[in-house]
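Residues per chain, in single letters:
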Amino acid sequence: MFFNSRMNVRYIHLIIAILCMMASFSASSQECGEVLAKGVSAQEKGLDELAKKYFRQILDGYSCDATSEAALRLGMMLERDELYEDAIGLLRLSATREGYEHLAQCHAELKQWDAARTAAEKAMEIEEGASAMSTLALCESAEGRQVNAMSWAKKAYKLQPKEARVLNVMGIISFRKGEDNEAMQYFRKAIAADSTNVDAYNNLGTVYCARGNSEMAIVNLKKGLRQQPKSIKLLFCLGRAYALRGDNNRAVACYQRILQNDSSNVTALIRIGNALCDNGEWEKAHAFFRRAVQVAPESAEGHKGEGRTYTAEGEYKKAVQAYIRATQTDNSDGETYLMMADLYNKQGNAQKEKNCYKKSAKLGNKIAQQWCIKNGTAW
C-alpha cells in the first residue's frame, strides 16, 4: 500500500510537471506568434529595422512554429539589402518552396552555381515556379550553355511573362550571347514591370559602361538609387561609370557611401585606393590599400595596390614584396608581373626583369609580349 501510494504521488508530480511544461510551451508559442505578428505589421508599414528586430527576437529567444517564417522573412529582407551570405544562413531554416527559391537566388548572386542549382531544384520538387527556373537559367548561362539557359528562361517567361526577374535573366543571357540591344530591351521591360528591380538598373548601367556611354549609365543608375539608395551593386556600378567619365572624385564618393554602411568592404577600399592613385594621391591611396589587406590578407588586388603606391613613393624593395604577395594569392594576373618587371629594371636586375616579362607574356599581357619579341625572348 505504501509503495503504491508513493508511486501515485510520483505519477501525480510527473503529470503536474508535464502540464506545466505544456502550459509554458503554449504561452511561449502564443507569445512567439504575437511577436511575429508585430514583425509582419512593421514590415507592411515599411518599418524595416523594427521588423528585423522582431524577427531576430523570435530566432534568438523562441522555439515555435513561427521560427521558420521569421527566418524566411528576415532572410528575404537581408537578400534585398544585398547581404547574401547572412541571408543564406537564415533561408536554410525555411524548407519551403519560397525559402529554397530565395536561397537559390542568394547563391546565384555570390556565383555559387552548384549550390544555386541544388536549391532551385529543391524548390522545383515542391512546386514548379518561375523564380527557380530563372535561377536554373542563370546557372546554365554562367557555365556557357546559353541555349539551355534561354530554354529555362522561356519556361519561366511562359509561367510569368510580367515577372521582372524573369525578364532580367533573359537580358543577362542575351548580353552573354553578344546581343546587347536585345539585352537592353529586356532590362527596360524588367524595370517597367518593377521599378524597384535593382538588378535591371545595374545591368542596364553595365551595358552602357561596356559601350563607353558613361552618361546614360549614370542616368539609369541614379534612377535605380532613387529606389534603393543603399544598393551596393548600384553604387559600385555608378562609381565605375564616373571613373569611365574621368570623374574620380565622384567615383570615390560612391565607394565612400558603401563604406558608410559596410566599413570593411574590401572592393570599395581597393577602388578608392585605385581612384586616388589615378589622382596621384599616393599617401591617401596607400592608407586604403593597407586597410584592404588588413581586412582581407588574401586580397591580391590589395597587395597589388600597395605595390603600386610603394613604387610611386620610390620604395622599390617594399613594392616588389607587395607584388610577390599578390602573385602568391593570384598568379594569373599578367599585369602584376609586368609591374614587377619594371621594378627589377629600375633596380638593374636584368635576369629577374626578363623572367617577369616572360611570365606576364605567357599570361597574355600584350605589352610584355611586345617586349619579349623586341628582345628576342620566347615565352
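Not measured: the values here are computed from a predicted model. (Residues numbered from 1 in each chain as written. Predicted model: local features only at pLDDT ≥ 70, side-chain atom pairs only at ≥ 80, totals over all residues. Heavy atoms only, no water.)

Observations concerning the overall build of the protein chain
The cut-off we apply is this: A run of H or I in DSSP becomes a helix once it reaches four residues, and a run of E becomes a strand once it reaches two; helices and strands are each numbered from the N terminus. The size measure is the radius of gyration over C-alpha atoms, and the globule rule it meets is 2.2 Å times the number of residues to the 0.38 power. Each residue's exposure class comes from its accessible area (1.4 Å probe, protein chains only) as a fraction of the maximum for that residue type: buried when under 20%, exposed when over 50%, partly exposed otherwise. Should any heavy atoms of two residues lie within 4.5 Å, those residues are counted as being in contact.
Looking only at helices and strands, the protein chain has 21 helices and 0 strands in total. Radius of gyration (C-alpha) of the protein chain: 28 Å, far over the 21 Å computed for a compact globule of 379 residues. With the C-alpha coordinates of the protein chain rotated into their principal frame, the extents come out at 105 × 55 × 40 Å. Expressed as a percentage of its 379 residues, the buried residues of the protein chain come to 45%. Taking the intrachain contacts of the protein chain between residues at least 6 apart in sequence as the baseline, contacts between residues at least 24 apart amount to 43%.

Concerning the nonpolar core
Test applied: What makes a nonpolar core is a set of buried Ala, Val, Leu, Ile, Met, Phe, Trp, Tyr and Cys residues whose side-chain atoms join them at distances within 4.5 Å.
If you look at the biggest cluster of nonpolar residues, it comprises 94 residues, and the most contacted ones within it are Phe55 and Tyr255. Residue contacts for Tyr255: discarding those within four places in its chain leaves Leu235, Phe236, Gly239, Arg240, Ala268, Arg271 and Ile272. With 17 residues, the next largest nonpolar core counts Ala319, Leu343, Tyr344 and Ala368 among its residues.

Here we look at the pattern of salt bridges
Spelled out, the test is: When a carboxyl oxygen of Asp or Glu lies within 4 Å of a side-chain nitrogen of Lys or Arg, that pair is called a salt bridge.
Within this structure, the stated rule accounts for 24 salt bridges. Of the charged contacts, one joins Lys304 and Asp333 as a salt bridge, the two residues approaching to 2.7 Å between their closest N and O atoms. Highlighted residues: Lys304 in helix 17 (residues 300–312) and Asp333 in the loop between helix 18 (316–329) and helix 19 (334–346), separated in sequence by 29 residues.

A look at the packing of aromatic side chains
Quick reminder of the rule: Side-chain rings of Phe, Tyr and Trp, where Trp is taken by its six-membered ring, are said to pair if the distance between their centres is within 6.5 Å; with planes under 30 degrees apart they count as stacked, over 60 as edge-to-face, and otherwise as tilted. We call a charge positioned above a ring when the Lys NZ or Arg CZ atom is no farther than 6 Å from the ring centre and deviates by at most 35 degrees from the ring normal.
All chains considered together, the criterion is met by 2 aromatic pairs. Between Phe236 and Tyr255, the aromatic rings sit 6.0 Å apart at their centres with planes inclined by 45 degrees, giving tilted as the arrangement. Of this pair, Phe236 sits in helix 13 (residues 232–245) while Tyr255 sits in helix 14 (residues 248–261), placing them 19 residues apart in sequence. Relative accessible area serves as the criterion here: at 13%, Phe236 is assigned to the buried category. Judged by relative accessible area, Tyr255 falls into the buried class, the value being 4%. Taken together, a centroid distance of 4.1 Å and an interplanar angle of 10 degrees make the contact between Tyr357 and Trp371 stacked. You can see Tyr357 sitting in helix 20 (residues 350–362) and its partner Trp371 sitting in helix 21 (residues 366–374), a full 14 residues away along the chain. Here the basic side chain of Lys155 rests over the ring of Trp152, its NZ or CZ set 4.5 Å away from the ring centre.

Overview of helix 9 (residues 164–176)
Quick note on the threshold: To estimate how far a helix should extend, the number of its residues minus one is multiplied by 1.5 Å.
The end-to-end C-alpha distance of helix 9, which contains 13 residues, comes to 19 Å, matching closely the 18 Å that a straight helix rising 1.5 Å per residue would cover. With 11 of 13 residues buried, helix 9 is to be regarded as a mostly interior element. Within helix 9, the full set of buried residues consists of Ala164, Arg165, Val166, Leu167, Asn168, Val169, Met170, Gly171, Ile172, Ile173 and Ser174. Buried residues along helix 9 sit against helix 5 (97–109), helix 7 (130–142), helix 8 (146–159), helix 10 (180–193) and helix 11 (198–210). Backbone geometry just downstream of helix 9 places Gly178 in the positive-phi region, at approximately 85 degrees.

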